[in-house]
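Summary of structural features
Each chain, letter by letter, is given below.
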Amino acid sequence: MRLKKALLVSIIGYLIISCQSEKRKIKFSSFESGAEGIAEQETGYDLSARMEDYNVPGVSIALARHGKIEWVRAYGIANEENGQKVDVNTLFQAGSISKPIAALAALQLFEKGLVRLDEDVNNYLQGWKIENNDLTKDEKVTLERILTHTAGLTVHGFPGYRQYEELPEIEEVLNGEGNTSKVKVNRIPGSNWKYSGGGYSIMEKVIEDVSGLPLEEYMNENVLGPLSMNNSTFKQPLSEIRHSSASAAHNSRGKVVSGLWHNYPEQAAAGLWTTPNDLAKYCIEIHEILTGRKEGILKKETIELMLTKHERQWGLGPRLDKEGDSLLFGHGGNNKGFANNYTSFAYLGNSLIIMTNGDNGGDLIDEIQKSIFTAYQW
């Protein structure tokens, strides 16, 4: 009897796993039926069906191969209430993908000799300072540690503010006078890995204090502009002139968030509005500099430093994986009503960027990436 029960449980478990695996098979033709040399997958579900299953109204995808954007596609709607469609120029909130893009600014200041990566950031901060305690007696918070999430700082992430709420200044965020707690050191800097959006807010203030520019201005002039990321901005709140191009945020039931979206004064950590096409330009820039094909926004040596693994395989901004020619850099990003991810082969020049306008977008992104990577044999 026990054997029969155990066998029955095993069979049920197998069927559940089989069904889940089958659900993860999305037809590649849902994304790009005309890609030359890529065989269409005949089994699985269409993307539209999976979007409906997850209550994700809109998806936007860009794919680059060998350092060139091969295709960009948009699916579904940007606003469930008015039926506005997503197109390839629709802006999405990038969430934590803001971090590796903003990190480029800190690395530029490093190249110019205006900051050191191993220096106590209090030496660069004006007005507001990190409060020292017993944990910082021998070890200090540095930009390298902030960028690699090893600075021992608090505040994992930020919930954003509704449209009617007043946005705090960055110093108020750091002091815990917004809707999150004070950013402080609660572990010995350099001792271990702990993800900290609060750390990137400190980096934001370093960039502003050293450059003398608000973060959005510095990024426009020195990063987004040179990369021709013309549909991207760190401005918070989003300028009204861009509202018609922006997707609404949608909750787990696929309904529009009150006020269309939340605002994020923590710009370096979560404030970027962008498109997959623009993020593909960033990925290609990193690839071309790294492989010596061009001089760009950073030197090759700095890019190599950026892509050097620290604890938990984290670089100076992006997360890292694999080795050698297969080295990957990327980052995920979730704001209220948005879920996104980019993955890029640093040396091969292959990149996949997926942005969604739904709280449930993360699992859908996993399915899309699996299907596309399988089709391209990545």
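Residues numbered from 1 in each chain as written. Predicted model: local features only at pLDDT ≥ 70, side-chain atom pairs only at ≥ 80, totals over all residues. Heavy atoms only, no water.

A closer look at the sheet that holds strand 6 (residues 328-335)
Taken together, the six strands give an open sheet; going across it, the order is 2-1-8-7-6-5, and neighbouring strands pair in antiparallel fashion. Each having just a single partner strand, strand 2 (68-76) and strand 5 (319-321) make up the two edges of the open sheet. The sheet shows a mean angle of 15 degrees between the axes of neighbouring strands, direction not considered. (Pairing = 2+ DSSP bridges. Helix = DSSP H or I, 4+ residues; strand = E, 2+ residues; numbered from the N terminus. Axes fitted to C-alpha atoms, helices over the stretch in contact; angles between N-to-C directions.)

Some remarks on the environment of Leu-272
Take Leu-272: it is sitting in the loop between helix 8 (267-270) and strand 4 (273-274). When the C-alpha positions of Leu-272 and Ala-102 are compared, they lie 8.9 Å apart, and in sequence the two are 170 residues distant. Apart from the residues lying within four places of it in its own chain, the contact partners of Leu-272 are Phe-92, Gln-93, Ala-94, Gly-95, Ser-98, Ile-101, Ser-232, Thr-233, Phe-234 and Gln-267. (Contact = heavy atoms within 4.5 Å.)

Here's the deal with the nonpolar core
Counting 79 residues, the largest nonpolar core has Ile-202, Met-203, Tyr-282 and Leu-307 as its most contacted members. At eight residues, the largest contribution of residues to this core is made by helix 3 (residues 98-111). Ile-202 has contacts with Val-121, Leu-125, Trp-128, Ile-130, Ile-146, Leu-153, Leu-174 and Val-183, leaving out every residue within four places of it along the chain. Grouped together as the second largest cluster of nonpolar side chains are 24 residues, Tyr-75, Ala-339, Ile-368 and Ile-372 included. (Core = buried A, V, L, I, M, F, W, Y, C linked by side-chain atoms within 4.5 Å. Buried < 20%, exposed > 50% of the residue type's maximum accessible area, 1.4 Å probe, protein only.)

A look at the environment of Tyr-376
The residue Tyr-376 is located in helix 11 (residues 361-376) in this model. Since its relative accessible area comes to 7%, Tyr-376 is described here as buried. Polar contacts involving the side chain of Tyr-376 include one to the side chain of Glu-70, which spans 3.1 Å. At 2.8 Å, the side chain of Tyr-376 forms a polar contact with the side chain of Trp-71. (Polar contact = N/O pair within 3.5 Å; in protein donor to acceptor, adjacent residues only side chain to side chain.)

Overview of the packing of aromatic side chains
Counted according to the given criterion, the structure contains 13 aromatic pairs. On the numbers, 5.0 Å between centres and 75 degrees between planes, the contact of Trp-261 with Trp-273 is edge-to-face. Taken together, the positions of Trp-261 in the loop between helix 7 (215-224) and helix 8 and Trp-273 in strand 4 put the pair twelve residues apart, joining distant regions of the chain. Of the two residues, Trp-261 and Trp-273, neither departs from the other in class, the shared state being buried. Here Phe-345 and Trp-378 contribute two aromatic rings whose centre-to-centre distance is 5.9 Å and whose plane-to-plane angle is 70 degrees, an arrangement assigned as edge-to-face. Of this pair, Phe-345 sits in strand 7 (residues 338-345) while Trp-378 sits in the segment after helix 11, placing them 33 residues apart in sequence. By the ring-pair criterion, three or more aromatic residues cluster together here, those being Phe-92, Trp-261, Trp-273 and Phe-338. Sitting above the plane of the Tyr-200 ring, Lys-99 keeps its charged end 6.0 Å from the centroid. (Phe/Tyr/Trp six-rings, centres within 6.5 Å; stacked < 30°, edge-to-face > 60°. Lys NZ or Arg CZ within 6 Å of the ring centre and 35° of its normal.)

Just distances and angles here, no functional claims.
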